[in-house]
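Below are the chains, spelled out letter by letter.
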Amino acid sequence: MLTLANDIWGARCGKTARRVLLGETGSRGHAYSVRRRRESAYDRKAPHGLPSSRLVSTNPLDRWLAAHYPQVPFERYADDVIAHCRTETQAQDMRNAIAARLQSCELELHSEKTKVVYCKDDFRKKTYPNEKFDFLGYGFQPRRSKNRKGKFFINFSPAVSNKAAKAIRDTFRRWNLPNRSDKALEDLSRMFNPIIRGWLQYYGRYYRSALYPTMRELNQDLVLWAKRKYKKLRRHHRRAASWIARISRRAPELFAHWQMGVRRGSMAGAV
């Protein structure tokens, strides 16, 4: 018996979450979503992000889902899949059906990673044991949002996941910026700014403010670098922080998160 970490998510998905996952804007129709992993262990490259009715795939489980659940949109990347259902009952039935399908192929679902998630928001106020999930580095969960009229509400939406944010902070530590006093600030920019820009372009597409605490840690490392680099700043943390803040306003192109701060008005000088 081959055991794979196959995930099924029965999640009551809001409009924003479905738009992100499916790449479309539509009505609030599909209330529940199901996530699972690929049936084949040999097809690991092609991402799929379309409703099943528009999906053309050589993946066996993709074809099976499209044939047996044509009314259920789903998306897959490698072995992670989310399929959207209208009710919890439909999600549980689909879970059981996929489990039976995998069992016929001598595969089985992972007992711990198989979950049903309720995507809670202002319109869906029930409680459920699982109300969030991660997918492709994003964490989907209820978040405070603001509409076009300036009114705040709770929306089920994505942002950089805690795991992804921790990986970014771990990368900062590996860079060891405070001990690179032999490098000029421009050198550090050439070395690391392309990576920072990539993070912001990917994780900052939705709910960018979730990145602010992580980017502030990068600014803090730059402050420590400045203290070690310049004698006049060595014993003056606040003075070094002010110096980095002035540089971020004067030359925001050095680091991508400084450019984000100039636009958003909340990151420049935030150290």
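Rules and cut-offs
- Residues numbered from 1 in each chain as written.
- Predicted model: local features only at pLDDT ≥ 70, side-chain atom pairs only at ≥ 80, totals over all residues.
- Heavy atoms only, no water.
- Helix = DSSP H or I, 4+ residues; strand = E, 2+ residues; numbered from the N terminus.
- Buried < 20%, exposed > 50% of the residue type's maximum accessible area, 1.4 Å probe, protein only.
- Contact = heavy atoms within 4.5 Å.
- Areas by Shrake-Rupley, 256 points an atom, 1.4 Å probe, with all protein chains shown as cover.
- Pairing = 2+ DSSP bridges.
- Axes fitted to C-alpha atoms, helices over the stretch in contact; angles between N-to-C directions.
- Patch = residues over 30% accessible without salt bridge, like charges linked within 9 Å, V, L, I, M, F, W, Y side chains within 5 Å.
- Salt bridge = Lys/Arg side-chain N within 4 Å of Asp/Glu carboxyl O.
- Polar contact = N/O pair within 3.5 Å; in protein donor to acceptor, adjacent residues only side chain to side chain.
- Phe/Tyr/Trp six-rings, centres within 6.5 Å; stacked < 30°, edge-to-face > 60°.
- Core = buried A, V, L, I, M, F, W, Y, C linked by side-chain atoms within 4.5 Å.

Considering the overall build of the chain
So, step 1. Along the backbone of the chain there are eight helices and 10 strands.
So, step 2. Evaluated residue by residue, the chain yields a buried proportion of 48% over its 271 residues.
So, step 3. Sequence-distant contacts in the chain: of pairs separated by 6 or more residues, those separated by 24 or more amount to 60%.
So, step 4. When the accessible surface of the chain is totalled, it reaches about 14500 Å², and 48% of it is carbon and sulfur.

Here's the deal with the sheet that holds strand 8 (residues 133-135)
So, step 1. With antiparallel pairing, three strands are arranged side by side in an open sheet as 8-9-10. Since the sheet does not close on itself, it has two edges, and those belong to strand 8 and strand 10 (152-160), each with one partner. The sheet shows a mean angle of 50° between the axes of neighbouring strands, taken without regard to direction.
So, step 2. Two strands pair when backbone bridges link them, and strand 8 and strand 9 (residues 138-146) are joined in this way by three bridges, in the antiparallel orientation. For Phe135, the partnering residue across the bridge sits in strand 9 and is Tyr138.

Some thoughts on a nonpolar patch on the surface
So, step 1. A contiguous nonpolar surface patch, about 280 Å² in accessible area, is contributed by Tyr77, Leu136 and Tyr202.
So, step 2. Within the secondary structure, Leu136 is located in the loop between strand 8 and strand 9.
So, step 3. Residue Leu136 is classed as partly exposed on the basis of its relative accessible area of 36%.

Side note on the side chain of Asn219
So, step 1. If you trace the backbone, Asn219 turns up in helix 6 (residues 212-229).
So, step 2. Look at Asn219 and you get buried, because its relative accessible area is 0%.
So, step 3. There is a polar contact of 2.7 Å between the side chain of Asn219 and the side chain of His257.

Some details on the packing of aromatic side chains
So, step 1. A complete count under the given rule lists 16 aromatic pairs for this structure.
So, step 2. Aromatic pair Tyr118 and Tyr128: ring centres 6.3 Å apart, planes at 35°, arrangement tilted. Remark: Tyr128 occurs in the loop between strand 7 (115-117) and strand 8 and Tyr118 occurs in the loop between strand 7 and strand 8; sequence separation between them is 10 residues.
So, step 3. With a relative accessible area of 5%, Tyr118 lands in the buried category.
So, step 4. Taking 4.8 Å as the distance between ring centres and 85° as the angle between the ring planes, the aromatic pair formed by Tyr202 and Tyr203 counts as edge-to-face.
So, step 5. According to the relative accessible area criterion, Tyr202 is partly exposed, its value standing at 37%.
So, step 6. The buried category is assigned to Tyr203, whose relative accessible area is 15%.

A closer look at the nonpolar core
So, step 1. If you look at the biggest cluster of nonpolar residues, it comprises 34 residues, and the most contacted ones within it are Trp175, Leu185, Leu188, Ile196, Leu222, Phe255 and Trp258.
So, step 2. Elements with a contribution of two residues or more to this core: helix 4 (162-175), helix 5 (185-203), helix 6, helix 7 (237-250) and helix 8 (256-264).
So, step 3. In this structure Trp175 touches Arg180, Phe192, Ile195, Ile196, Trp199 and Leu218, once residues within four positions along its chain are discounted.
So, step 4. Counting residues in hydrophobic clusters, the runner-up holds 15 residues, among them Tyr69, Ala83, Ile98 and Leu102.

Some words on the pattern of salt bridges
So, step 1. Across all of its chains, the model carries five salt bridges by this definition.
So, step 2. Between Arg173 and Asp170 there is a salt bridge, with the nearest N and O atoms lying 2.3 Å from each other. On the criterion of helical spacing, the pair formed by Arg173 and Asp170 is a turn pair, its members being three residues apart in helix 4.
So, step 3. In this structure, Asp187 engages Arg190 in a salt bridge whose closest nitrogen and oxygen atoms are separated by 2.2 Å. One end of the pair is Asp187 and the other is Arg190, both in helix 5 and three residues apart, which spans about a single turn.
So, step 4. Residue classification places Arg190 among the exposed positions, given a relative accessible area of 60%.

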